[in-house]
Structures are given as C-alpha cells and as structure tokens.
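# Reading the structure
What follows is the residue order along each chain.
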Amino acid sequence: MAQYSSRAIYDTGHSLNGRTLRMTGFVTHGSHGTWYVTRLLVTCCAADATISKVEIRGDEVDGAPQTDSWVTVTGMWVPKGKLGTDGAWPPVLKATTVKQVREPADPYDKR
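Here is a short report on the structure shown in this document. Because the structure is predicted, anything quoted here is derived from the model rather than measured. (Residues numbered from 1 in each chain as written. Predicted model: local features only at pLDDT ≥ 70, side-chain atom pairs only at ≥ 80, totals over all residues. Heavy atoms only, no water.)

### Let's talk about the nonpolar core
- Within the largest apolar cluster, 16 residues are counted, with the highest numbers of intra-cluster contacts made by Tyr-4, Trp-35, Val-37, Val-54, Ile-56, Val-73 and Leu-93.
- At the level of secondary structure, the elements contributing two or more residues to this core comprise helix H1 (2–10), strand S1 (20–29), strand S2 (35–42), strand S3 (50–57), strand S4 (70–78) and strand S5 (92–101).
- Among residues more than four places away in sequence, those in contact with Leu-93 are Tyr-4, Leu-21, Met-23, Val-54, Glu-55, Ile-56, Arg-57, Val-73, Thr-74, Gly-75, Met-76 and Trp-77. (Core = buried A, V, L, I, M, F, W, Y, C linked by side-chain atoms within 4.5 Å. Buried < 20%, exposed > 50% of the residue type's maximum accessible area, 1.4 Å probe, protein only. Helix = DSSP H or I, 4+ residues; strand = E, 2+ residues; numbered from the N terminus. Contact = heavy atoms within 4.5 Å.)

### Some remarks on H1
- Within H1, the full set of buried residues consists of Tyr-4, Ser-5, Ala-8 and Ile-9. Each buried residue of H1 lies within a common arc of 115° when the element is viewed along its axis, so the set occupies one face. Opposite the buried face of H1, by more than 90 degrees, sit the exposed residues Gln-3 and Tyr-10.
- Residues of H1 that are buried sit in contact with S1, S3, S4 and S5. (Arc of directions from axis to C-beta.)

### Description of the side chain of Thr-38
- Inspection of the secondary structure puts Thr-38 in strand S2.
- With near-sequence residues (within four places) excluded, Thr-38 lies in contact with Met-1, Gly-25, Phe-26, Thr-28, Ile-51, Ser-52 and Lys-53.

### Points about the environment of Thr-34
- Summarising the element assignment, Thr-34 is placed in the loop between S1 and S2.
- Counting along the chain gives 22 residues from Thr-34 to Ile-56, while the straight-line C-alpha distance between them is 7.5 Å.
- Contact partners of Thr-34, with chain neighbours within four places excluded, come to His-29 and Glu-55.
- Side-chain polar atoms of Thr-34 contact the backbone oxygen of Ser-31, separated by 3.0 Å. (Polar contact = N/O pair within 3.5 Å; in protein donor to acceptor, adjacent residues only side chain to side chain.)

### A look at the environment of Ala-2
- Looking at the element boundaries, Ala-2 is found in helix H1.
- Separated by 31 residues in sequence, Ala-2 and Gly-33 place their C-alpha atoms 23 Å apart.
- Here Ala-2 is in contact with Leu-41, Ser-52 and Asp-109, once residues within four sequence places are set aside.

### Regarding the pattern of salt bridges
- Inspection of the entire model under this criterion finds three salt bridges.
- For Asp-109, the salt bridge goes to Arg-39, with nearest N and O atoms at 3.7 Å. With Asp-109 in strand S6 (residues 108–110) and Arg-39 in strand S2, this pair connects stretches of sequence that are 70 residues apart. A single burial state applies to Asp-109 and to Arg-39, both of which are buried.
- Each of Glu-55, Arg-57 and Lys-80 takes part in a single network of salt bridges with overlapping partners. (Salt bridge = Lys/Arg side-chain N within 4 Å of Asp/Glu carboxyl O.)

Written out as structure tokens, the structure reads:
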C-alpha cells in the first residue's frame, strides 16, 4: 500500500493509470461517509509505525465496511489534487470489488 501511495502522489509518469490494483488493509472511517483501507508501515519496529491509507470510492461499493475489519479492495487509481502536494493525499482508489478477509498473520507493511 505504501508503494501505491507514493506512486499515486508523486509519479509524474502516471504509471498507475489504467491498471487494476488490489490492496488489503483494515478499515478506518473519515467524515461524511468517507472510508479508507489502512495499514501501519513499520521501518524498524511497531513503535515507529506510521499510517498508510487509501480513500475508497466507487458506485459498486455497498456502504463502508465496519471499522477495523480487514478487506481486500480491487479497483483503479483516481488522480486527486496536484501531484506532490497535500492535495494529492490520501490517494484514491475507485473500487470495483470489496471483499472481507481475515487479518494477516503479520498485519504490518514494512519498508
């Protein structure tokens, strides 16, 4: 998920354009019905974890899953804001499918 975020926010070559993507994470909620697939990104240990999240949109999605449930989302990148700025964060994925899954044995993304 961290690689997706980095490419969605900074890649001027738009290498994500037209690609079907799949990512797994736990659900967090924002305001006004916004929800995210979220992972904790660890550099050294859990104490230094940072959040990596992707906003999920899409007509095919029937409401937001329950907070803290784990899902795998498949969809396409949606450009947002000006690349390299705060307006591009968090990146957006237009979901075509959302499937509930079990929490992985190792729930952290690692650098």
